[in-house]
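This is what each chain is made of:
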Amino acid sequence: MIGHSCFGNDAWNLPEQRLELELLPHTESLFALSNGHIGWRGTLDEGEPHGLPGTYLNGVHELHPLPYAEAGYGYPESGQTVINVTNGKIIRLMVDDEPFDVRYGTLVSHERCLDLKSGVLRRDVVWTSPTGRTVRIRSTRLVSLTQRAIAAVRYEVEPLDGPARIVLQSELVANEELPHRHDDPRAAAMLQDPLVNDIHSIGDTRITLVHTVRHSGLRVAAAMDHTIELVTKNDGEHSDPDALGVHIEAEADLGRYTVGGVVQPGQTVRLTKFVAYGWSATRSLPAMRDQVDGALAVAMLGMGWDTLCAEQRDCLAEFWERSDVEIEGDADIQQAVRFALFQLLQSARRAEQRAIPAKGLTGSGYDGHAFWDTESFVLHVLTYVDAPSVAHALRWRHSTLPTARERAAQLGLKGCAFPWRTITGQECSAYWPAGTAAFHIDADIADAVIRYLRVTGDVEFAHKEGMELLVETARLWQSLGHMDEAGAFRIAGVTGPDEYSAIVDNNIYTNLMAQQNLLRAADVVDHHPGHAATLGASAAESAAWRKSANAMFIPYDEMRDVHPQSDGFTDHELWDFENTPPEHYPLLLRYPYFQLYRKQVVKQADLVLALHMRSDAFTLEQKQRDFDYYEPLTVRDSSLSACSQAVVAAEVGCTQLAYDYLAEAALMDIDDLERNTSDGLHLASLAGAWIALVDGFGGLRHTDDGLSFAPQLPKGWTRLCFGLVLGDGHLRVDVRPDDVEYLYSGKEPYEVRHGDTLLRLEPGTPVTRPLTPPKERPGPSQPAGRAPLRRAHDVVRATT
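About the cut-offs
Residues numbered from 1 in each chain as written. Predicted model: local features only at pLDDT ≥ 70, side-chain atom pairs only at ≥ 80, totals over all residues. Heavy atoms only, no water. Pairing = 2+ DSSP bridges. Helix = DSSP H or I, 4+ residues; strand = E, 2+ residues; numbered from the N terminus. Axes fitted to C-alpha atoms, helices over the stretch in contact; angles between N-to-C directions. Contact = heavy atoms within 4.5 Å. Expected span 1.5 Å × (residues − 1). Bend = angle between axes of the 7 residues up to and from the residue. Buried < 20%, exposed > 50% of the residue type's maximum accessible area, 1.4 Å probe, protein only. Core = buried A, V, L, I, M, F, W, Y, C linked by side-chain atoms within 4.5 Å. Parallel < 35°, antiparallel > 145°, perpendicular 65-115°, else oblique. Left-handed = near helix turned anticlockwise from the far one by under 90°.

Peer 1: Honestly, the sheet that holds strand β29 (residues 729–735) in this entry has me stumped. Any pointers?
Peer 2: Across a sheet, paired strands are connected by hydrogen bonds in the backbone, their directions being either parallel or antiparallel. Pairing within the open sheet is antiparallel, and its five strands lie in the order β21-β28-β29-β30-β33. The two strands at the open ends of the sheet, each matched to only one other strand, are β21 (325–328) and β33 (767–770). Neighbour-to-neighbour, the strand axes of this sheet turn through a mean angle of 15 degrees, independent of strand direction. With four bridges connecting them, strand β30 (residues 739–745) and β33 associate as antiparallel partners. Each bridged residue has a counterpart across the sheet, and for Y742 the counterpart in β33 is V767. Sitting on the sheet, helix α3 (residues 305–323) is in contact with β21, β28 (719–726) and β29, with an inclination near 115 degrees to β28.

Peer 1: Which parts of the structure should I look at to understand the sheet that holds strand β19 (residues 254–263)?
Peer 2: What the five strands build is an open sheet, ordered β8-β7-β13-β19-β18; its pairing is antiparallel. One side of each edge strand has no neighbouring strand; the edge strands of this open sheet are β8 (98–99) and β18 (245–251). The pairing of strand β7 (residues 91–95) with β8 spans two bridges and is classified as antiparallel. The residue of β8 that forms the bridge with M94 is P99.

Peer 1: Looking at this model, I keep getting lost on unusual backbone geometry. Mind explaining?
Peer 2: A negative phi angle is the norm for most residues apart from glycine, just as the trans form is the norm for most peptide bonds. Here the amide bond leading from E48 into P49 is cis, since omega sits at -5 degrees, within 30 degrees of zero. Note that P49 resides in the loop between β3 (38–40) and β4 (55–57). For the bond from Y585 to P586, the omega torsion is -5 degrees, close enough to zero to count as cis. For D367, which is not a glycine, the phi torsion comes out positive at approximately 60 degrees. Along the chain, D367 turns up in the loop between α4 (331–348) and α5 (373–385).

Peer 1: I tried to follow helix α18 (residues 683–697) on my own but got confused; where do I start?
Peer 2: An α-helix turns once per 3.6 residues; consequently, residues spaced three or four apart project the same way. Its 15 residues give α18 an end-to-end C-alpha distance of 21 Å, which sits within 8% of 21 Å, the value for a rise of 1.5 Å per residue. Taking the largest bend as the criterion, α18 deviates by roughly 30 degrees, centred on I691. For α18, the buried fraction is high: 15 of the 15 residues fall into the buried class. Just beyond α18, the residue with positive phi is G699, at close to 70 degrees.

Peer 1: Before we go on, may I ask you to explain the nonpolar core in this structure?
Peer 2: Burial of nonpolar side chains together is a common tendency in soluble globular proteins. In this structure, I166, W690, L707, F709, L720, L724 and L731 are the most contacted members of the largest nonpolar core, which totals 216 residues. Excluding residues within four positions of it along the chain, L720 makes contact with V325, E326, I327, L693, F697, G698, L713, V733, D734 and V735. Of all hydrophobic cores here, the second largest spans 22 residues; its members include V120, L296, L308 and C309.

Peer 1: Explanation requested: the packing of helix α16 (residues 641–651) against helix α17 (residues 655–666) in the structure shown.
Peer 2: Each pair of packed helices gets described by two things: the angle between the helix axes and the distance between those axes. Packing of α16 against α17 leaves a shortest axis separation of 8 Å and a crossing angle of 160 degrees. Here α16 is positioned roughly antiparallel relative to α17, judged by the angle of their axes. For the pair α16 and α17, the sense of crossing is left-handed. For the pair α16 and α17, contact is made by A642, C643, Q645, A646, A649 and A650 and by T655, L657, A658, Y661, L662, E664 and A665, respectively.

Below is the structure:
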């Protein structure tokens, strides 16, 4: 049985039923709260013990040199690393002079719960101090989805067996000590003491700290303010808080608000803490101080705790009404997909023209960088469930175009070359074969633009950011590829999604995605010549793009009757899977890239990803043969892989295998399948849970011809229902064992395809059609020891 026994199953909550200290790094990621601007890891209120303290502001980073044994022209010179900024979560408790610490005294009970409807993390503890006094501690933590700069904590302490002297210490802490970096090269390069104090100030109940990041020069402001109450248990009366003494102090890296006094049984001391954050590369110190003070004033005086919580619930209620996924047949997957959607919403809702990192704001893994994961997986989902956040993410990419143009020129190319990994737009990958050479990121960004425009019809975005992104990425492909003597357009010397191959010719995924990019760019230039002219794009240039796209070379292995991942891939020697021990995975930590690059071994779906993303370019028979060929080669050393394998498995009739891969994507973080969730959540895999369900078992495909579906259900399921937000309209697809119902809500009729049948959906009128799932067939084998865990319906994670 997979999973951890401390987690319970609940359709709308992620409950931790008891505290297991060795799981703290894992649960800190699971219980992280964010809004896309602020990220608070789910550490304990008292700050210790902890796995990885983490308070993040999207975009705040430190610079560090990228060392090279041998210099080379065009190598990136500086790296960027997300940093742990001022921690405003900490509230320490003293009970009769004994510090509350879960490692001491007696922990009678300890429960935490991430509430997916309310958007808060709750904690309920009963603790007996070493001297024998028992208290109940309750806390509720919130990072606001509606007030971008605000996070808050409500903390309550109630003596249970006699009067107790209670002291609460609410802190703002900068430059926390962080654990040492471990050996995994994917972990963050944790920089110590990156914040230099500018000012620290105090008021009656407020403390403000402003720092400058040592090398990047970014200015970070944090402020906290408080309300304090004594509440009588029986009638809820609020006693005089003046009975409690208050002390406030601040220094360079620490602000502390202390309140204390004797609390009787039946009384609860309630501390409500509001925290505001802001940062800027240009604003002055007084401006930053005033910014966070103003945000606190709005939160405390204009709203208060109850209003903040109500706004959070209302925001999520609207989201769930339109975007929920309902499952009957597997309670764990139901919980997991809602957890996934919640985390995706948290990662992006208030990012507002900032990047969406691979880990969101849940941890420092991958140095806090954004990769192609964002556009290909995260935005893939958000386009259908929260499209405004996608517009912001794409506008952030657009804002980095000047840097991407400079990078392309440095590489001797036209258009733009977007970075493989970055925080602000500069290339931060020091390993160019897997970084700079992975040009497919340009086509992935273009694909996200195309999908967003298909779904929303956002004319303003299309004429501005959308067109420019499509034009500049098309120019990159036109200059990167070349027409051979036979009239085929080839793209040589690139790296595709599979990071166990590099510097290859005609990677099929790259070529097909570039083809789409070129064709859609040509379309927008031809349809909007006036706007195109402002970018210097002409009919002659668009005609050249069409010629290249239509001549795109797609290699094929006639002898094996399959598509090679790239030129010559199927001629490579096979990796010795049988003699690779399980502990040697992931392979990149045990074997040199030299060996990986020259063997047939696939880290993550590459050709199979092309079968998914460019489904229109392959016949069903080709998909079946290709899938059967690449499954025994794919080791899934990346969390990006399982969802696309699930999608294609479902399409080619390997239903059980698709279900197995769905479970792997959905439970990647809850069950910590890769044993690195401690570094932060895998947002792409969380997105993959939705993709495996909707693109896989829902059969969703979205092309220029519109939306199409080919629904089916895993064995034992009785229902899969999902919602798609389509511009001003909404489509609900409700799949049952024998049929599927389509219900569209909008102003005008909407057309979709059910299999090969075109349906005209009248608003408010459900249309039902029978299911016609593909003929089920046995799934191909996987490399030795790398098969996904077998999934069965109605399996619930073990609890004790």
